[in-house]
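An overview of the molecular structure
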Amino acid sequence: MQTAQSTVAEQTKNHGWARKVFVQPFVDIKSFFTEAAKLHGVMFLVIIAATYFLQGFRNYAFGGAITWFLRNLKLSSGETQIARSTIQITWNIKFVYGLIFDNFPILKRHYKPWYIVAALIGFASALCLGIRGVVNDASSATALLFLCLMGMAMCDVIADALVVKKAREAGARGGAALQTFCWIMLYVGYMVGLPISGSIVGKSGADGRINNLFLWAYVPVAICLLITSFFIKEEVGHGKWTPMILVTNFIRLLKSIFLNRYVLLPVLFIFFRGVLSVDIADAYDFWLYDRPDGGVSIGADTQAYIQQLGAFCNIIGLFLYARFFTATPFRKIFFWSQIVMGVLGIMDVALYKQWNVASGFPDLPFLLFNSSLSNAFYQLTSMPFLVMAAQLCPADIEATFYAGMTSISNGGNNVATLWGGAMLVALGVDTVDPATNERTYDLVKLEYAVWIRFALTFAPALLVWMVPNSSSIDPYGEGVKHEPTVAEVDAIEAADADAKNIEEAKVAEDVKPAETKA
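Residues numbered from 1 in each chain as written. Predicted model: local features only at pLDDT ≥ 70, side-chain atom pairs only at ≥ 80, totals over all residues. Heavy atoms only, no water.

Focus on the overall build of the protein chain
Formally: Helical segments are the DSSP runs of H or I of at least four residues, strand segments are the runs of E of at least two, and each set is numbered from the N terminus. Each residue is assigned to one of three classes by its accessible area relative to the maximum for its type, calculated with a 1.4 Å probe on protein chains only: buried under 20%, partly exposed between the two thresholds, exposed over 50%. Here, residues are in contact when the closest pair of their heavy atoms is within 4.5 Å. Here the accessible surface of atoms and residues is derived via Shrake-Rupley with a 1.4 Å probe, and residues count as covered only by protein chains that are part of the display.
Looking only at helices and strands, one finds 20 helices and two strands in the protein chain. Each of the 518 residues in the protein chain was classed as buried or not, and the buried ones make up 49%. In the protein chain, of all internal contacts separated by at least 6 residues, the share reaching a separation of at least 24 is 83%. Carbon and sulfur atoms make up 67% of the accessible area of the protein chain, which totals about 23800 Å².

Quick notes on the packing of helix H9 (residues 243-258) against helix H10 (residues 261-276)
Defined as follows: Here an axis means a line fitted to C-alpha atoms, over the contact stretch when the element is a helix, while the angle between two N-to-C directions is reported on a 0 to 180 degree scale. Note that the term roughly parallel is reserved for angles under 35 degrees, roughly antiparallel for angles over 145, roughly perpendicular for angles of 65 to 115, and oblique for everything else. Only Asp, Glu, Lys and Arg are considered charged, only Ala, Val, Leu, Ile, Met, Phe, Trp, Tyr, Cys and Pro nonpolar, and every remaining residue, Gly among them, polar.
The geometry of H9 relative to H10 is characterised by a closest axis approach of 6 Å and an angle of 85° between their N-to-C directions. For the element pair H9 / H10, the angle class is roughly perpendicular. Each of Ser256, Ile257 and Phe258 in H9 lies in contact with H10, whose residues at this interface are Val263, Leu264 and Val267. Residues belonging to the contact of H9 with H10 are distributed by class as follows: five nonpolar, one polar and no charged.

Observations regarding helix H18 (residues 443-457)
Definition in use: For a helix, the expected span equals 1.5 Å multiplied by the residue count minus one. The arc in question is the one spanned by the directions pointing from the helix axis to the C-beta atoms.
Between the first and last C-alpha of H18 there are 21 Å, a value that for 15 residues agrees with the 21 Å anticipated at 1.5 Å per step. Taken together, the buried positions of H18 are Leu446, Ala449, Val450, Phe454 and Thr457. Looking straight down H18, one finds that the buried residues subtend no more than 135° of arc, so they occupy a single side.

A few points about helix H13 (residues 330-344)
The α-helix advances 3.6 residues per turn, and as a result positions three or four apart in sequence lie on the same side. With 15 residues, H13 ought to run about 21 Å at 1.5 Å a step, and its terminal C-alpha atoms sit 21 Å apart, in line with that. Burial in H13 covers these residues: Phe330, Ile333, Phe334, Ser337, Gln338, Gly342 and Leu344. Down the axis, H13 shows its buried residues gathered within 160° of arc, on one side only.

Observations regarding the pattern of salt bridges
Working definition: two side chains of opposite charge can pair if their charged atoms are close together. To keep things clear, this is the line we draw: Think of a salt bridge as a Lys or Arg side-chain nitrogen and an Asp or Glu carboxyl oxygen that are within 4 Å of each other.
This structure, assessed with the given rule, holds nine salt bridges. Measuring nitrogen to oxygen at the nearest pair gives 3.3 Å for the salt bridge that ties aspartate 279 to arginine 84. Highlighted residues: aspartate 279 in the loop between H10 and helix H11 (281-290) and arginine 84 in helix H3 (residues 77-87), separated in sequence by 195 residues. An identical accessibility class is assigned to aspartate 279 and arginine 84; each is buried. We note a salt bridge from lysine 94 to aspartate 156, for which the minimum N-O separation is 2.6 Å. Residue lysine 94 is located in helix H5 (residues 94-103), and its partner aspartate 156 is located in helix H7 (residues 138-201); the two are separated by 62 residues in the primary sequence. Taking relative accessible area as the criterion, lysine 94 reaches 2% and is therefore assigned buried. What emerges from the salt-bridge pattern is a single network uniting Arg71, Asp290, Asp430 and Arg439.

With respect to unusual backbone geometry
Phi is positive for leucine 107, close to 55°, though the residue is something other than glycine. With respect to the secondary-structure elements, leucine 107 resides in the loop between H5 and helix H6 (112-130). Of note in the backbone geometry, lysine 108 takes a positive phi value of approximately 65° without being a glycine. Along the polypeptide, lysine 108 turns up in the loop between H5 and H6.

As for the confidence of the model for the protein chain
What counts is decided by this rule: Per residue, pLDDT captures the predictor's confidence, and it can take any value from 0 to 100.
Counting all residues, the mean pLDDT for the protein chain is 74, and 73% of those residues have values of 70 or more. Confidence, expressed as mean pLDDT per element, reaches its minimum in the protein chain at helix H20 (residues 514-517) with 46 and its maximum at H3 with 88. Low pLDDT, under 50, characterises residues 478-489; the predicted model gives this stretch 23 contacts beyond four residues in sequence or across chains. Across residues 514-518, confidence stays below pLDDT 50; counting only partners more than four residues off in sequence or on other chains, it has three contacts.

As structure tokens, this is what we get:
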């Protein structure tokens, strides 16, 4: 006869998987907001949520529009990538913004006034881009887009500075949760912005449609950032400009990176991982739109909706990391995620070679499937970098160092965009007739570029020895306190619950009437 204790234990085991899959994520979200509100304050979470949401809305949603904006200025795919890499330099110098904010306060404050300045820069440049006839050549477009992204980057540095200080105070687990929250809000903004971008831009952004995007979507975002800035709380400082401290902190930044092998090697890995991920996205996007092979044309609007699904899968990747991989050594997760990304890279080759169509898998569903998988695994590789970067930050220059780390990461990606564009130009993948705006492709050369990109996707896996084989780093000998992971906490709570249920069943068994025992 089955005892009450065994029945309770079996029921707990049977329902455990359902609770973890369907219930526990919502419990985790509720617990995070409750704990974060107590630790950081509700207003801090509101400001960070608004900032990252608006950053995602304008940064990721408008990133694709920039490509089509440049295409309509009669640039080839390689030339658009070279222009984009020039524009993206503003993200590669984020540490400079950090140094300026830390050492040149405005009205005795380091963050709030600069946040307002950044929002105004974004507003003015977006307004110029939105008015038809102001931008008619690649040079002026590149300059204004540079300023537009500079406003984004400056706001991003300030938000990162606020978050990284809180993340260090919260410890390893709390810091990862806070970073996850920021990225979720970023991707929610991405998901909201993409369909708006796609509907305004249309199939190719021609006839001034992209101007409308900047005017009616981007400018209001800059205004919202201005409003958000007034809720940032910051103590009044001495208000003195400290150029010598700037030089001292810059030297300290260089020393903390280049004279500490425990910092230098992970930094080099992050940089070369980006460099080796050669970017040929513009050639791919233009090929999907023009389809010189006679396939179904997929324009900017459809690509925006595909990317929206990818953004949702990014959020899934965030939850997967926070739920299952926070205790996984950095080296292990970087290695296997890179291998998986390399394997998924064959899907780009399959799309170009139309192997999917030959197998009965149409292009659009195939692109949706590819975007879902690649984005989820990409996020699994991004979160360890952010957690590792926060742990590498030395005291007192957290904002500058963290901005330096993200600058190095962005720099690697930007080099990949630059040399990918140079490769496309050198190969002569596509050319544009200035008179007719007709674009012609050399499909053999485009295939070379696709295979080169696929082969190099695996290369970063050979460099993972540069990354610590642990889930926490102590580069300055300050000591790393072990904190239980989400999985460890769940295991402890489940064991306690089982013990409690068994004890209750045992008590119930002992107090049964004597006649039932007989």
